[in-house]
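Below are the chains, spelled out letter by letter.
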Amino acid sequence: MAAFCPSRALPTADACTAAPENANAVSPVELTVGDPDQLGVLRLNFRTGDSRELALLKEMICTDYPDDDFRRILAGMQTDEPIAAYAGRAVGRADSWGRIPRTYLRFGKDRTIATALQDRMVAEADALIPGNRFRVHNFPEASHVGPLNPASVTEVLDTLAA
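Quick caveat: nothing in here was measured; it's all calculated off a predicted structure.

**Side note on the layout of surface pockets**
So, point 1. In this model, the largest pocket occupies a volume close to 870 Å³.
So, point 2. Taken together, 36 residues make up the lining of the largest pocket; nearest its centre are Phe4, Leu42, Glu81, Tyr86 and Thr112.
So, point 3. At the level of elements, helix H1 (13-18), helix H2 (36-39), helix H3 (51-62), strand S2 (80-82) and helix H5 (84-87) are the ones that each hand at least two residues to the lining of the largest pocket.
So, point 4. At 3 residues, H1 tops the list of elements feeding residues into the lining of the largest pocket.
So, point 5. Of the residues belonging to the lining of the largest pocket, the class tally is 24 nonpolar, 8 polar and 4 charged.

Following this line, the structure appears as structure tokens:
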């Protein structure tokens, strides 16, 4: 669901984030708490009361959600993200990952992983394994956490389980 899909050209989440296709994404880097190298995690304060920081987080995560829903989402978010997850190579191999059916839920108003980057990652994965392409489901009005009403996403996920 609007996730990183590293490739040979973009082998890490850090490389994906730095790709030109992600240039218009909103980054929370300025909200980092502490030294990630020393902590071993990227720590964000999702419990901030600063209105400027909250506005940035809302734009990044779910700009189209009502404030109450945005606050509910923030309350459930993990504050620490292991930095090793961003720097580590995570490229799928054609002989293993390439055999598994893949589905990508493309969120058209995602400000964390820009849609142009989502499209590039899907295209690169499909080029690696042309016989097992992503099945892409487009949600053009969805932000990073998906549509406010999750029924359409639930329907897609339900078909995957069948």
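Still more to cover.
**Brief notes about the side chain of Ser7**
So, point 1. With respect to the helices and strands, the residue Ser7 is situated in the segment before H1.
So, point 2. Once residues within four sequence positions are removed from consideration, Ser7 is found in contact with Val91 and Glu124.

**What to know about unusual backbone geometry**
So, point 1. Backbone geometry places Ala2, a non-glycine residue, at a positive phi of 45°.
So, point 2. Counting through the fold element by element, Ala2 comes out in the segment before H1.

**Regarding the packing of H3 against helix H4 (residues 67-75)**
So, point 1. The contact between H3 and H4 brings their axes to 11 Å, and the two run at 90°. As far as their axial angle goes, H4 and H3 are roughly perpendicular. Residues Leu54, Leu57, Lys58, Ile61 and Cys62 of H3 form the contact with H4, whose participating residues are Asp67, Phe70, Arg71, Ile73 and Leu74.
So, point 2. Residue composition of the contact of H3 with H4, by class: 7 nonpolar, no polar and 3 charged.

**Quick look at the nonpolar core**
So, point 1. Judged by nonpolar contacts, the single largest core of 14 residues is most densely connected at Phe46, Leu57, Ile61, Cys62, Phe70 and Leu74.
So, point 2. Counting residues per element, the ones that place at least two in this core are H3 and H4.
So, point 3. No other element matches the 6 residues that H3 contributes to this core.
So, point 4. Those residues in contact with Leu74, other than ones at most four positions away along the chain, are Phe46, Arg47, Leu54, Leu57 and Ile61.
So, point 5. Listed in part, the 11 residues of the second largest apolar core include Cys16, Ala19, Met121 and Ala125.

**Comments concerning the packing of aromatic side chains**
So, point 1. In the structure shown here, the tally under the stated rule is 3 aromatic pairs.
So, point 2. Taken together, a centroid distance of 5.7 Å and an interplanar angle of 85° make the contact between Tyr104 and Phe134 edge-to-face. In this pair, Tyr104 is assigned in strand S3 (residues 103-107) and Phe134 in the loop between helix H6 (115-128) and strand S4 (135-139), connecting sequence segments 30 residues apart.
So, point 3. Ring plane angle 80° and centroid distance 5.8 Å describe the contact between Phe107 and Phe139, whose orientation is recorded as edge-to-face. In this pair, Phe107 is assigned in strand S3 and Phe139 in strand S4, connecting sequence segments 32 residues apart. Of the two residues, Phe107 and Phe139, both sit in the buried class.
So, point 4. The ring of Phe134 has Arg102 lying over it, and the distance from NZ or CZ to the ring centre is 4.7 Å.

**What about the environment of Val29?**
So, point 1. Relative to the elements of secondary structure, Val29 occurs in the loop between H1 and H2.
So, point 2. With a relative accessible area of 57%, Val29 lands in the exposed category.
So, point 3. The spatial distance from the C-alpha of Val29 to the C-alpha of Tyr86 is 13 Å, given a sequence separation of 57 residues.

**Some details on the state of the cysteines**
So, point 1. Under the counting rule described, the total for this entry stands at 0 disulfides.
So, point 2. With no disulfide of its own, Cys5 lies closest to Cys16 among cysteine sulfurs, the gap being 7.7 Å.

Rules behind the numbers
- The numbering scheme is per chain: residues are counted from 1 as the chain's sequence reads.
- In view of the model being predicted, local features appear only for residues whose pLDDT reaches at least 70, and side-chain atom pairs are presented and counted only at 80 or more, with totals across whole chains, interfaces and linings using the full set of residues.
- Side-chain measures were taken over the full set of non-hydrogen atoms in the model, leaving aside hydrogen atoms and water.
- Here the term cavity refers to a set of points on a 1 Å grid, laid over the protein atoms alone, in which a 1.4 Å probe fits but cannot get out; the term pocket refers to an open set having protein on both sides within 12 Å along at least five of seven lines, with lining residues being those that place an atom within 4 Å of a point.
- Grid points are joined across faces, edges and corners, and a volume is the space filled by probe spheres set on the points.
- Numbering of helices and strands runs from the N terminus, with a helix taken as a DSSP run of H or I at least four residues long and a strand as a DSSP run of E at least two residues long.
- Gly falls in the polar group here, along with every residue not listed as nonpolar (Ala, Val, Leu, Ile, Met, Phe, Trp, Tyr, Cys, Pro) or charged (Asp, Glu, Lys, Arg).
- Here a residue-residue contact requires only that any non-hydrogen atoms of the pair lie within 4.5 Å.
- Every axis in this analysis is a line fitted to C-alpha atoms, fitted for helices over the stretch in contact. Angles between the N-to-C directions lie between 0 and 180 degrees.
- For classification purposes, angles smaller than 35 degrees are called roughly parallel, those larger than 145 roughly antiparallel, those between 65 and 115 roughly perpendicular, and all remaining angles oblique.
- To qualify as a nonpolar core, a set must consist of buried Ala, Val, Leu, Ile, Met, Phe, Trp, Tyr and Cys residues joined through side-chain atoms within 4.5 Å.
- Per-residue accessibility, obtained with a 1.4 Å probe over protein chains only, is compared with the maximum for each type, and a residue is labelled buried under 20%, exposed over 50%, and partly exposed between these values.
- In summary, the pairing rule links any two rings of Phe, Tyr or Trp, Trp by its six-membered ring, whose centres are within 6.5 Å, and it sorts them by plane angle into stacked for under 30 degrees, edge-to-face for over 60 and tilted for everything else.
- Look at NZ for Lys and CZ for Arg. If either is within 6 Å of the ring centre and within 35 degrees of the ring normal, a charge sits over the ring.
- Our working definition of a disulfide is a cysteine sulfur pair at a distance within 2.5 Å.

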